[in-house]
Amino acid sequence: MEPALLSSPPKSASLYALVIQLGAASQQIIPAISWGLHAQVMDWLSLGDTQIADAIHGSQDTPFSLSELMGYRRQRGTQPGDDFTFRISLLDGDLIDPLLNGIEQWGNKPLSLGECPFVIRSIYTLPGTHPLADFSDYAILANTDKISDDITLNFLSPTSFKQKREIQPFPLPELVFGSLLRRWNIFAPEELKFPFVEWKGLVCAYELKTYSLKLESSSEIGAKGWVRYRFEEAEQAKIATTLANFAHFAGVGRKTAMGMGQTCLINS
């Protein structure tokens, strides 16, 4: 009799957060370049698998989120060798191989963000190799036993939402968790999807400021800071806890593939 094989979730059910470390290759004043990071990631995916990149181009639901470019920006411009990083979070684990293959094929070529050239210094893919690198899967998040009715989220980059026909910068509970639920149900395995939720959460406390994020052809206003939410219904608290952990990968709200809505759960 052949030994039984241990079952494991398909790669598509995995969640990855990679960190790319860049070095500035010239003295430049770095413009707002969140849109440039998106274009660069799409170039890597296209090198790794053209069909996957084309499918993402044609989709309204981008299966990754991006941070802003992080690092110290000198007033008179960067100096060659200055360090910067950005984070790529994959909501579909099937993207990990094409992305890494594309980066490998890119090799040592400089990459341009705006008009600033950079070189890749390091790629961190495993938890523990960098504070922002992480890995999980949808089943782990859905089966967490650390349920909390008080949830504090830290919005790390400008965050906003489409509310009817207007842009809402305040992270109301129904907008935050409605956004996360929608993205979860797009990318999670069928058996882990949640039913519709009429959110009844409350905002207990917050410390927020509005900021502007300049994209290629526009500026976007969003809120940064923390908000504490409370869910009195046990089932909503359970779903909200799962989604709050998912926010670490997915981001929240609008334009998460352009650097907006980067979010983390603050453990109480």
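Residues numbered from 1 in each chain as written. Predicted model: local features only at pLDDT ≥ 70, side-chain atom pairs only at ≥ 80, totals over all residues. Heavy atoms only, no water.

Asker: When you look at the packing of aromatic side chains in this model, what are you seeing that I'm missing?
Answerer: Two descriptors summarise a pair of aromatic rings, namely the distance from one centre to the other and the angle between the planes of the rings. Under the definition given, this model contains 12 aromatic pairs. Between the aromatic rings of Trp199 and Phe231, the centroid separation amounts to 5.7 Å while the plane-to-plane angle is 65°, which identifies the pairing as edge-to-face. One end of the pair, Trp199, is in the loop between helix 5 (173–187) and strand 10 (202–214); the other, Phe231, is in the loop between strand 11 (219–230) and helix 6 (234–250), and 32 residues separate them in sequence. Note on accessibility: Trp199 and Phe231 belong to one class, buried. (Phe/Tyr/Trp six-rings, centres within 6.5 Å; stacked < 30°, edge-to-face > 60°. Helix = DSSP H or I, 4+ residues; strand = E, 2+ residues; numbered from the N terminus. Buried < 20%, exposed > 50% of the residue type's maximum accessible area, 1.4 Å probe, protein only.)

Asker: Would you mind going over the packing of helix 5 against helix 6 with me for this structure?
Answerer: For any two helices packed against each other, one specifies the inter-axial angle together with the distance between the axes. Where helix 5 contacts helix 6, the axes come no closer than 9 Å and their chain directions differ by 75°. Overall, the two elements helix 5 and helix 6 adopt an arrangement that is roughly perpendicular. Mapping the contact onto sequence places Phe177, Leu180, Leu181, Arg183 and Trp184 in helix 5 and Ala240, Thr242, Leu243, Ala244, Phe246, Ala247 and Ala250 in helix 6. Taken together, the residues of the contact of helix 5 with helix 6 break down into 10 nonpolar, 1 polar and 1 charged. (Axes fitted to C-alpha atoms, helices over the stretch in contact; angles between N-to-C directions. Parallel < 35°, antiparallel > 145°, perpendicular 65-115°, else oblique. Contact = heavy atoms within 4.5 Å. Nonpolar A, V, L, I, M, F, W, Y, C, P; charged D, E, K, R; others polar.)

Asker: Explain the nonpolar core to me, please; I cannot follow it from the model alone.
Answerer: One broad trend across soluble globular proteins is that nonpolar side chains are buried collectively. Counting residues in each nonpolar core, the largest one holds 36 residues, and the members touching the most others are Tyr138, Phe177 and Trp184. At the level of secondary structure, the elements contributing two or more residues to this core comprise strand 1 (14–24), helix 4 (138–142), strand 7 (150–159), helix 5, strand 11 and helix 6. Per-element accounting of this core gives the leading share, 9 residues, to helix 6. Excluding residues within four positions of it along the chain, Phe177 makes contact with Ile151, Leu153, Trp199, Tyr229, Phe231, Ala240, Leu243 and Ala244. In this structure, Ile56, Phe86, Leu99 and Leu111 belong to the second largest nonpolar core, which totals 30 residues. (Core = buried A, V, L, I, M, F, W, Y, C linked by side-chain atoms within 4.5 Å.)

Asker: What should I look at first to understand the layout of surface pockets in this one?
Answerer: Empty space among the atoms can be located by rolling a probe the size of a water molecule over them. Space inside the largest pocket adds up to approximately 410 Å³. What lines the largest pocket is a set of 18 residues, and nearest its centre among them are Ser179, Arg182, Arg183, Gly253 and Arg254. Top contributing element to the lining of the largest pocket by residue count: helix 5, with 7 residues. (1 Å grid on protein atoms, 1.4 Å probe; cavity = no way out; pocket = protein on both sides within 12 Å on 5 of 7 lines; lining within 4 Å. Points joined across faces, edges and corners; volume = space filled by probe spheres on them.)

Asker: Even after reading the chapter, I still don't get the pairing of strand 11, so can you show me in this structure?
Answerer: Taken residue by residue, a regular strand's side chains alternate between the two faces of the sheet. Note: strand 7 against strand 11, 7 bridges, orientation antiparallel. Residue pairing for strand 11: Phe155 is matched across the bridge by Gly225. Strand direction decides the pairing type here: strand 10 and strand 11, joined by 12 bridges, are antiparallel. Within strand 11, the position partnered with Ser212 by the bridge is Ile221. (Pairing = 2+ DSSP bridges.)

Asker: Please clarify how the sheet that holds strand 7 should be interpreted in this entry.
Answerer: Picture the strands of a sheet paired through backbone hydrogen bonds; they go either parallel or antiparallel. Strand order in this open sheet of 4 strands is 10-11-7-12, and the pairing throughout is antiparallel. Looking at which strands have only one partner, the edges of the open sheet turn out to be strand 10 and strand 12 (263–266). The mean angle between the axes of side-by-side strands here comes to 15°, regardless of whether they run parallel or antiparallel. Strand direction decides the pairing type here: strand 7 and strand 12, joined by 4 bridges, are antiparallel. In the sheet register, Asn154 faces strand 12, and the bridge partner there is Cys264. Sheet contacts for helix 5: strand 7, strand 10 and strand 11; angle to strand 7, the most-contacted strand, approximately 80°. The strands touched by helix 6 within the sheet are strand 7 and strand 12, with strand 7 carrying the most contacts at an inclination of about 35°.

Asker: Help me understand the side chain of Thr242, please; the structure alone is not making it clear to me.
Answerer: Along the chain, the position of Thr242 falls in helix 6. From its side chain, Thr242 meets the backbone oxygen of Leu141 in a polar contact 3.1 Å long. Leave out the neighbours within four places in its chain, and Thr242 touches Leu141, Ala142, Thr144, Trp184 and Phe194. (Polar contact = N/O pair within 3.5 Å; in protein donor to acceptor, adjacent residues only side chain to side chain.)

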